[in-house]
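The residues making up each chain are set out below.
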Amino acid sequence: QKEVEQDPGPLSVPEGAIVSLNCTYSNSAFQYFMWYRQYSRKGPELLMYTYSSGNKEDGRFTAQVDKSSKYISLFIRDSQPSDSATYLCAMSGRGTSGTYKYIFGTGTRLKVLA
Amino acid sequence: KAGVTQTPRYLIKTRGQQVTLSCSPISGHRSVSWYQQTPGQGLQFLFEYFSETQRNKGNFPGRFSGRQFSNSRSEMNVSTLELGDSALYLCASSLAQAGSSGNTIYFGEGSWLTVV
């Protein structure tokens, strides 16, 4: 079983739609949860950062963490064509061997159609 | 504040050659991580350096190596290049060891390597 599972998409939505992106993970020791956005031929940029369970909102973006279900989500409201990118979830904490780990999902490709 | 800087941005090498990629972290950041990204495999962790010491290593052959200097700048080297090494190589920096106490990593724009 992979430590992080993320649907690769592509996910196509019309402009103005609410987008839901999700990841599941297996290591209950992870405490920090991040979302990165990567435009084509660019490096990933940190979009959202959340500690433990709960919600965090930043403009049109909301990150949600449910540690009991080992499930994290990113919601994008009023999606715009400029949101078209690959979204990678990431999480960090101590791995089973005791070392620090920072791992990524494979990324979901999102297309917002004008 | 300047971000993570990687050089060169694009390069083409011949199979069997070696290549060195350079990374300057965000000012004050002491940890540098390297990743390989390909369309089929996603982000693959290569290694992390913190205070000039390799702290973590991914599952890559010994042809992939790296080092970190006292000013936190880092280089990675790939020897005896293979066609399958063609990829985007990303450097990321963080204040302290990635994943410790919530330290997040910030990426550079990457170095595009094509092996022919």
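Quick notes on the rules
Residues numbered from 1 in each chain as written. Chains lettered and ligands numbered in written order. Predicted model: local features only at pLDDT ≥ 70, side-chain atom pairs only at ≥ 80, totals over all residues. Heavy atoms only, no water. Helix = DSSP H or I, 4+ residues; strand = E, 2+ residues; numbered from the N terminus. Rg over C-alpha atoms; globule rule 2.2 N^0.38 Å. Contact = heavy atoms within 4.5 Å. Areas by Shrake-Rupley, 256 points an atom, 1.4 Å probe, with all protein chains shown as cover. Lys, Arg positive; Asp, Glu negative; His and termini not counted. Charge placed at Lys NZ, Arg CZ, Asp CG, Glu CD. Buried area = accessible area lost by both parts, 1.4 Å probe. Salt bridge = Lys/Arg side-chain N within 4 Å of Asp/Glu carboxyl O. Polar contact = N/O pair within 3.5 Å; in protein donor to acceptor, adjacent residues only side chain to side chain. Nonpolar A, V, L, I, M, F, W, Y, C, P; charged D, E, K, R; others polar. Core = buried A, V, L, I, M, F, W, Y, C linked by side-chain atoms within 4.5 Å. Buried < 20%, exposed > 50% of the residue type's maximum accessible area, 1.4 Å probe, protein only. Pairing = 2+ DSSP bridges. Axes fitted to C-alpha atoms, helices over the stretch in contact; angles between N-to-C directions. Disulfide = S-S within 2.5 Å.

Caption draft 1: Structural context of the overall build of chain B. Counting its regular elements, chain B contains zero helices and 11 strands. N-terminal to C-terminal, the α/β element order of chain B is β-β-β-β-β-β-β-β-β-β-β. Taking 116 residues into account, the globule formula puts the C-alpha radius of gyration at 13 Å, and chain B, at 13 Å, falls close to it. In terms of overall dimensions, chain B has a C-alpha envelope of 40 × 25 × 25 Å along the principal axes. A separation of at least 24 residues holds for 56% of the contacts in chain B among residues at least 6 apart in sequence. As presented, chain B carries roughly 5300 Å² of accessible surface, and 47% of it is formed by carbon and sulfur atoms. If you average the places of the 10 positive and of the 6 negative side-chain charges in chain B, the two averages end up 2 Å apart.

Caption draft 2: Geometry of the interface of chain B and chain A. Counting residues at the interface gives 22 residues for chain B, matched by 18 residues for chain A. Summed over both sides, the interface of chain B with chain A buries roughly 1600 Å², with 59% coming from carbon and sulfur. Counting across the interface, chain B meets chain A through zero salt bridges. Our count for the chain B to chain A interface comes out at five residue pairs in polar contact (both at pLDDT 80 or more). Mapped by element, the contributors of at least two residues to the side of chain B that touches chain A are strand S4 (31-38), strand S9 (87-94) and strand S10 (106-107) of chain B. When the residues that make up the side of chain B that touches chain A are grouped by side-chain class, the tally is 10 nonpolar, 10 polar and two charged.

Caption draft 3: Focus on the nonpolar core. By size, the foremost hydrophobic cluster in this structure holds 25 residues, and its most contacted members are Trp35(A), Ile72(A), Leu74(A), Tyr87(A) and Met91(A). By size, the runner-up hydrophobic cluster in this structure holds 21 residues, among which are Phe60(B), Met76(B), Leu81(B) and Leu113(B).

Caption draft 4: The sheet that holds strand S8 (residues 74-78) of chain B, seen in detail. Residue and element names in this part refer to chain B. Strand order in the open sheet made by the four strands is S1-S3-S8-S7, with antiparallel pairing throughout. Sheet topology places strand S1 (5-7) and strand S7 (64-68) at the edges, where each strand pairs with a single neighbour. Each strand axis lies, on average, 15° off the axis of its neighbour in the sheet, ignoring direction. Here five bridges tie S7 to S8, and the two strands are oriented antiparallel to one another.

Caption draft 5: The state of the cysteines, seen in detail. Overall, the coordinates contain two disulfides over all chains when judged by the stated rule. Disulfide pairing is shown between Cys23(A) and Cys89(A); the S-S distance is 2.0 Å. Every disulfide takes its handedness from the sign of the S-S torsion; for Cys23(A) and Cys89(A) that torsion is -100°, giving left-handed. Placement of the pair is Cys23(A) in strand S3 (residues 19-25) and Cys89(A) in strand S9 (residues 85-94), with a sequence separation of 66 residues. You can call Cys23(A) buried: its relative accessible area is 1%. Classification of Cys89(A) by relative accessible area gives buried; the value is 0%. Disulfide pairing is shown between Cys23(B) and Cys91(B); the S-S distance is 1.8 Å. A torsion of -60° about the S-S bond marks the disulfide between Cys23(B) and Cys91(B) as left-handed. Of the two residues, Cys23(B) is situated in strand S3 (residues 19-24) and Cys91(B) in strand S9; the sequence distance between them amounts to 68 residues. Comparing Cys23(B) with Cys91(B), the two get one shared label, buried.

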